[in-house]
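Spelled out from the first residue to the last, the chains are:
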Amino acid sequence: MSCWKGALIAGGIASGLLFGPAAKAEDVVKIGQIEALTGATATYGWMSAQGTKVAVEEINAKGGFKVGDRTYKLELQQVDTRGEPREATVQFRKMMEEKVHFVFGPFLTNVFNAIEPIANQNNGKFLLFAGATSAHAALGKPDHDYLLRTWNWDAGSAGFGRWWTI
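Quick caveat: nothing in here was measured; it's all calculated off a predicted structure.

Draft legend 1. Region of interest: the overall build of the protein chain. Helix and strand counts for the protein chain come out as 5 helices and 6 strands. Sequence-ordered secondary structure for the protein chain, helices as α and strands as β, is α-β-α-β-β-α-β-α-β-α-β. Looking at the protein chain as a whole, 45% of its 166 residues are labelled buried. Residue pairs at least 24 apart in sequence account for 63% of intrachain contacts in the protein chain once pairs closer than 6 positions are excluded. Entry remark: accessible area of the protein chain is about 9000 Å², with carbon and sulfur atoms responsible for 57%.

Listed below in structure tokens is the structure:
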């Protein structure tokens with residue numbers, strides 16, 4: 001869970017630096033998570049959703065985080081795609097309309113492929129921390145400045161590399 005906390009804090013700091021003037025009057029940073037929370041592929045989204053929720057609760061319970069002289073709290077918006085691309089596009093469009101600046105997920109390639117055109121239209125307005133395999137191929141391509149690729153250690157050596165143990 002410490003990785004999630006670090007990512008959330010880094011996102012919050014980036015929010016203060018990149019989007020500071022756009023912060024709400026009560027100094028809230030909106031973050032989102034777009035994953036399958038129910039359905040056949042819910043295992044992938046449910047695990048990260050639980051960790052993210054706990055991390056946000058812990059950060060907010062300690063008063064939030066500071067950027068310069070301002071203190072921010074996190075507002076988490078978690079949406080359930082059910083692993084269905086059509087539902088993902090509806091939910092992701094809503095996040096973009098609500099000015100969610102940081103989005104964790106998706107883990108599923110079919111969901112990433114569905115939201116990618118919407119993300120490209122919003123390039124420069126948010127950051128997406130995606131674990132989907134197809135996100136790797138999109139890194140560094142035009143109109144993908146929003147994309148940060150997370151590494152899924154459980155994919156194994158056939159997927160994204162080797163998980164090192166001590």
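Right, picking up where we left off after that structure.
Draft legend 2. Examining the pattern of salt bridges more closely. Evaluation of the coordinates by the stated rule reveals 3 salt bridges. Linking R82 and E84 is a salt bridge whose minimum nitrogen-to-oxygen distance equals 3.2 Å. With relative accessibility at 37%, the residue R82 sits in the partly exposed group. Each of R82, E84 and E87 takes part in salt bridges that share partners, so that together they form one network.

Draft legend 3. Spatial organisation of the side chain of D27. Mapped onto the elements of the fold, D27 is located in the loop between α1 (2-19) and β1 (28-35). With a relative accessible area of 15%, D27 lands in the buried category. Polar side-chain contacts of D27 include one of 2.3 Å to the side chain of R70. Setting aside residues up to four positions removed in sequence, D27 forms contacts with R70, T71, Y72 and K73.

Draft legend 4. Summary view of the pairing of strand β5 (residues 127-130). The alternating pattern of β5 places L127 and F129 on one face and L128 and A130 on the opposite face, and all of these are buried. Where strand β4 (residues 102-104) lies against β5, 3 bridges are found, and the strand directions are parallel. Bridging across to β5, F104 finds its partner in F129. As a crossover connection, the stretch from β4 through helix α4 (residues 109-121) into β5 is right-handed. Sheet analysis places β5 next to strand β6 (residues 147-149), joined by 3 bridges and oriented parallel. Its bridge partner being in β6, F129 is matched across the sheet by L148. With helix α5 (residues 133-138) bridging β5 and the parallel β6, this β-α-β connection has right-handed handedness.

Quick notes on the rules
Residues numbered from 1 in each chain as written. Predicted model: local features only at pLDDT ≥ 70, side-chain atom pairs only at ≥ 80, totals over all residues. Heavy atoms only, no water. Helix = DSSP H or I, 4+ residues; strand = E, 2+ residues; numbered from the N terminus. Buried < 20%, exposed > 50% of the residue type's maximum accessible area, 1.4 Å probe, protein only. Contact = heavy atoms within 4.5 Å. Areas by Shrake-Rupley, 256 points an atom, 1.4 Å probe, with all protein chains shown as cover. Salt bridge = Lys/Arg side-chain N within 4 Å of Asp/Glu carboxyl O. Polar contact = N/O pair within 3.5 Å; in protein donor to acceptor, adjacent residues only side chain to side chain. Pairing = 2+ DSSP bridges. Right-handed = clockwise from strand over helix to strand, strands pointing away.

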